[in-house]
Amino acid sequence: MCELFGICSKDTCQINEYLKEFFSHSNAHPHGWGLALLEQNEIQLEKEPVQATKSNYLKERLSVPISAKNAFAHIRYATIGNVEYRNCHPYTMKDMGGRRWTLVHNGTIFDYSPLNRYVTIQNGDTDSERILMYFVERINQEEMLLQRQMTGEERFHMLDSIIVEMSKGNKLNLLLYDGELFYVHTNYANSLYELVKENRVFFSTVPLGKEKWRPVPFATFLAYRRGQRVFIGTDHGNEYKDSEENLKFLYRIFSDL
């Protein structure tokens, strides 16, 4: 599976040491890396379809201070989608109101029919890109009906309802940022942790270093702002567990990459 890293902070902080530890895991996740520094609707996005520890560019990038209030990082183990730039995370796009959305995902969508229509129009091949396209389209549709932009709380509750449905039978670990809110979800046991410090919170697929990381609240959509949790969604109970059928599905896809 892939690995995710994120930070949501009130103040800008340097994250090099966390990133170095995170990207060092790429021997087991060799199919690409990505880094996004996020500030409202602005994004600094860098990614390559190569193993992070073999990237000369990333080595140079990590040799100078990297600071952010909000950031995502991703190392990819390809399941759906070939090993190429367009299939590397993070993904980003703007909604009709000009709000920028950015996503990193660790998981697989085995069956969720609303995503099928994006297969022929997406840039790459991944289910992760389709998830983001669907989120943004649903936001666009609702704002057209309202004839105004949704509030953060309205966006959260709409996405929460989508997550409840999408997580049924699917592995859905993700970090999502919309320029205001930093969203988090996991429904696969022991696969997303948080480190809470004063006015900031870090997220990682596995704990980084020896600090007091703890599991992210399970099977519940969450939203953070400026390092503080502000919304808690439905405790949906849709835990994803590996099955023989799903593992066979992944093996068939991976053998075609």
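Our structure's up above, just so we're on the same page.
Quick notes on the rules
Residues numbered from 1 in each chain as written. Predicted model: local features only at pLDDT ≥ 70, side-chain atom pairs only at ≥ 80, totals over all residues. Heavy atoms only, no water. Pairing = 2+ DSSP bridges. Helix = DSSP H or I, 4+ residues; strand = E, 2+ residues; numbered from the N terminus. Axes fitted to C-alpha atoms, helices over the stretch in contact; angles between N-to-C directions. Contact = heavy atoms within 4.5 Å. Phe/Tyr/Trp six-rings, centres within 6.5 Å; stacked < 30°, edge-to-face > 60°. Buried < 20%, exposed > 50% of the residue type's maximum accessible area, 1.4 Å probe, protein only. Core = buried A, V, L, I, M, F, W, Y, C linked by side-chain atoms within 4.5 Å. Expected span 1.5 Å × (residues − 1). Salt bridge = Lys/Arg side-chain N within 4 Å of Asp/Glu carboxyl O. Parallel < 35°, antiparallel > 145°, perpendicular 65-115°, else oblique. Left-handed = near helix turned anticlockwise from the far one by under 90°. Nonpolar A, V, L, I, M, F, W, Y, C, P; charged D, E, K, R; others polar.

### Some words on the sheet that holds strand β7 (residues 171–177)
No. 1: In spatial order, the strands read β5-β6-β7-β8-β12-β13; together these six strands make up an open sheet with antiparallel pairing. Unpaired on one side and paired on the other, β5 (91–94) and β13 (228–235) mark the two borders of the sheet. Adjacent strand axes in the sheet meet at a mean angle of 20° when their direction is disregarded.
No. 2: Both strand β8 (residues 182–185) and strand β12 (residues 220–225) contribute to a ladder of three bridges, which runs antiparallel. Looking at β12, one finds that Tyr-183 is bridged to Ala-223.
No. 3: Running at roughly 140° to strand β6 (residues 100–108), helix α3 (residues 127–146) makes contact with β5, β6 and β7 of the sheet.
No. 4: Sitting on the sheet, helix α4 (residues 152–166) is in contact with β6, β7, β8, β12 and β13, with an inclination near 40° to β13.

### Observations regarding the packing of aromatic side chains
No. 1: On inspection of all chains with the given rule, the structure shows 18 aromatic pairs.
No. 2: A centroid spacing of 6.3 Å and a plane angle of 15° characterise the contact between Trp-33 and Tyr-57, whose relative ring orientation is stacked. With Trp-33 in strand β2 (residues 33–39) and Tyr-57 in helix α2 (residues 56–61), this pair connects stretches of sequence that are 24 residues apart.
No. 3: When its relative accessible area of 1% is taken as the criterion, Trp-33 is described as buried.

### Comments concerning the sheet that holds strand β9 (residues 193–197)
No. 1: With antiparallel pairing, seven strands are arranged side by side in an open sheet as β3-β2-β4-β1-β10-β9-β11. Single-partner strands in this sheet number two, and they are β3 (42–48) and β11 (214–215).
No. 2: Two elements, β9 and strand β10 (residues 200–204), share five bridges in a ladder whose sense is antiparallel. Of the residues in β10, the one forming a bridge with Glu-194 is Phe-203.

### A closer look at the nonpolar core
No. 1: Within the largest apolar cluster, 29 residues are counted, with the highest numbers of intra-cluster contacts made by Trp-101, Phe-135, Leu-159, Ile-162, Met-166, Leu-176 and Tyr-183.
No. 2: Looking at this core, the elements that each hand over two or more residues are β6, α3, α4, β7 and β12.
No. 3: If one sorts the elements of this core by residue count, α3 sits on top with seven residues.
No. 4: Setting aside chain neighbours within four positions, we find Ile-162 in contact with Tyr-112, Tyr-134, Phe-135 and Arg-138.
No. 5: Ile-15, Phe-22, Leu-62 and Leu-208 belong to the second largest nonpolar core, which has 24 residues in total.

### Structural notes on α4
No. 1: Taking 1.5 Å of rise per residue, 15 residues should cover 21 Å, and α4 covers 21 Å from first to last C-alpha, within 8% of that figure.
No. 2: If you check which residues of α4 are buried, you get Gly-152, Arg-155, Phe-156, Met-158, Leu-159, Asp-160, Ile-162, Ile-163, Val-164 and Met-166.
No. 3: Where α4 is buried, its residues meet β6, α3, β7, β8, β12 and β13.

### A few points about the pattern of salt bridges
No. 1: Counting across every chain of the model gives 15 salt bridges.
No. 2: Between Asp-178 and Arg-155 there is a salt bridge; the shortest N-O distance is 2.7 Å. Of this pair, Asp-178 sits in the loop between β7 and β8 while Arg-155 sits in helix α4, and the two are 23 residues apart along the sequence. Neither Asp-178 nor Arg-155 differs from the other in exposure class; each is buried.
No. 3: Across the pair Arg-225 and Glu-180 runs a salt bridge whose closest N-O atoms are separated by 3.0 Å. Of this pair, Arg-225 sits in strand β12 while Glu-180 sits in the loop between β7 and β8, and the two are 45 residues apart along the sequence.
No. 4: Here Arg-225 falls in the partly exposed class, since its relative accessible area comes to 28%.
No. 5: You can call Glu-180 partly exposed: its relative accessible area is 33%.
No. 6: In the salt-bridge network here, residues are joined through shared partners; they are Arg-155, Asp-178, Glu-180 and Arg-225.

### Some words on the packing of α3 against α4
No. 1: The contact between α3 and α4 brings their axes to 11 Å, and the two run at 135°. If you check the angle between α3 and α4, you find them oblique. Seen from above, α3 lies across α4 with right-handed handedness. Contact with α3, carried on its side by Ile-131, Tyr-134, Phe-135, Arg-138, Ile-139 and Glu-142, involves Arg-155, Met-158, Leu-159, Ile-162, Ile-163 and Met-166 of α4 and no other residues of that element.
No. 2: Considered class by class, the residues forming the contact of α3 with α4 number nine nonpolar, no polar and three charged.

So yeah, pure geometry; function would need other evidence.
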